[in-house]
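Structural description and commentary
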Amino acid sequence: MAKHITDNLHNCFPVIVSDEDQPIVMEIHIGFNPSDALTVSVDYIDYDEPEYNCSTAAVVNETDAHEMARHHKIKYSELPHFIAECMAPKWDVIINPDSHQVRECFKEITECLLDEGCRFTIERTYGPNGFMCL
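Residues numbered from 1 in each chain as written. Predicted model: local features only at pLDDT ≥ 70, side-chain atom pairs only at ≥ 80, totals over all residues. Heavy atoms only, no water.

**What to know about the packing of aromatic side chains**
According to the stated counting rule, one finds 3 aromatic pairs in the structure shown. Pairing Tyr 52 with Phe 131 gives two aromatic rings, centres 5.3 Å apart and planes at 90 degrees, and the pair type is edge-to-face. Here Phe 131 lies in the segment after β5 (120–125) and Tyr 52 lies in the loop between β3 (38–46) and β4 (54–60), a separation of 79 residues in the sequence. Through pairs of rings, three or more aromatic residues link up here, namely Tyr 44, Tyr 52 and Phe 131. (Phe/Tyr/Trp six-rings, centres within 6.5 Å; stacked < 30°, edge-to-face > 60°. Helix = DSSP H or I, 4+ residues; strand = E, 2+ residues; numbered from the N terminus.)

Take a look at the structure:
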């Protein structure tokens, strides 16, 4: 498995990226995993100590994700773009967001998924000694 879950996603759209001039960057992407399950991934990128790179992802129940797409009258394949666009008005305006803001964005996305009736599981990749980004 890749150190970053986003590396395995397809049809992937960015939502928010923390200040890229810092030695540690956090970013959220939404796409589909190799099983075509809707996945919201937070990647932790440590440029100075890459062994600490890790990810946390919410993997949405496919039946629920298909129902959400039907509810919004879009194709299942359009969900990542749809969700990224829904988040843009609030999160795109932040210049150089910090890691706390990235975590808040992930929380908001998962709360919206729950509001839509979507169940999800959390998957993680870890750094040394069980280090995790969320």
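**Considering a negative patch on the surface**
Side chains of Glu 104, Glu 111, Asp 115 and Glu 116 sit close together on the surface and give a patch of like negative charge. Tracing the backbone through its elements, the reader meets Glu 116 in the loop between α3 (99–115) and β5. (Patch = residues over 30% accessible without salt bridge, like charges linked within 9 Å, V, L, I, M, F, W, Y side chains within 5 Å. Areas by Shrake-Rupley, 256 points an atom, 1.4 Å probe, with all protein chains shown as cover. Salt bridge = Lys/Arg side-chain N within 4 Å of Asp/Glu carboxyl O. Lys, Arg positive; Asp, Glu negative; His and termini not counted. Charge placed at Lys NZ, Arg CZ, Asp CG, Glu CD.)

**Structural notes on helix α1 (residues 62–71)**
Three or four residues apart is the spacing at which side chains of an α-helix point the same way, because the helix has 3.6 residues per turn. Burial in α1 covers these residues: Asp 64, Ala 65, Met 68 and Ala 69. One side of α1 carries all its buried residues, which in axial view fall inside an arc of 140 degrees. Exposed positions of α1 whose direction lies more than 90 degrees from the buried face are Thr 63, Arg 70 and His 71. On its buried face, α1 is in contact with β3, β4, α2 (79–91) and α3. Backbone geometry just after α1 places Lys 73 at a positive phi near 60 degrees. (Buried < 20%, exposed > 50% of the residue type's maximum accessible area, 1.4 Å probe, protein only. Arc of directions from axis to C-beta. Contact = heavy atoms within 4.5 Å.)

**A word on the side chain of Thr 56**
Position of Thr 56 among the secondary structure elements: in strand β4. Given the relative accessible area of 1%, Thr 56 is considered buried. Engagement of the side chain of Thr 56 in a polar contact is seen with the side chain of Arg 124, the distance being 3.5 Å. (Polar contact = N/O pair within 3.5 Å; in protein donor to acceptor, adjacent residues only side chain to side chain.)

**Details of the sheet that holds strand β2 (residues 24–32)**
The 5 strands lie next to each other as β1-β2-β3-β4-β5, forming an open sheet whose pairing is antiparallel. Looking along the sheet, the strands with just one partner apiece sit at the ends: β1 (10–17) and β5. For this sheet the average axis-to-axis angle between neighbouring strands, irrespective of direction, equals 20 degrees. By the bridge criterion, 9 bridges tie β2 to β3 in an arrangement that is antiparallel. Directly across from Gly 31, in β3, lies its bridge partner Thr 39. Of the strands in this sheet, β1, β2 and β3 touch α2, which is tilted by about 10 degrees from β1. (Pairing = 2+ DSSP bridges. Axes fitted to C-alpha atoms, helices over the stretch in contact; angles between N-to-C directions.)

**A closer look at the packing of α2 against α3**
For the pair α2 and α3, the least separation of the axes is 11 Å and the interaxial angle reads 135 degrees. In terms of orientation, α2 lies oblique with respect to α3. The two elements α2 and α3 meet at a crossing, and its hand is right-handed. Facing α2, whose interface residues are Ile 83, Met 87, Lys 90 and Trp 91, α3 presents Gln 101, Glu 104, Cys 105, Glu 108, Ile 109, Cys 112 and Leu 113. (Parallel < 35°, antiparallel > 145°, perpendicular 65-115°, else oblique. Left-handed = near helix turned anticlockwise from the far one by under 90°.)

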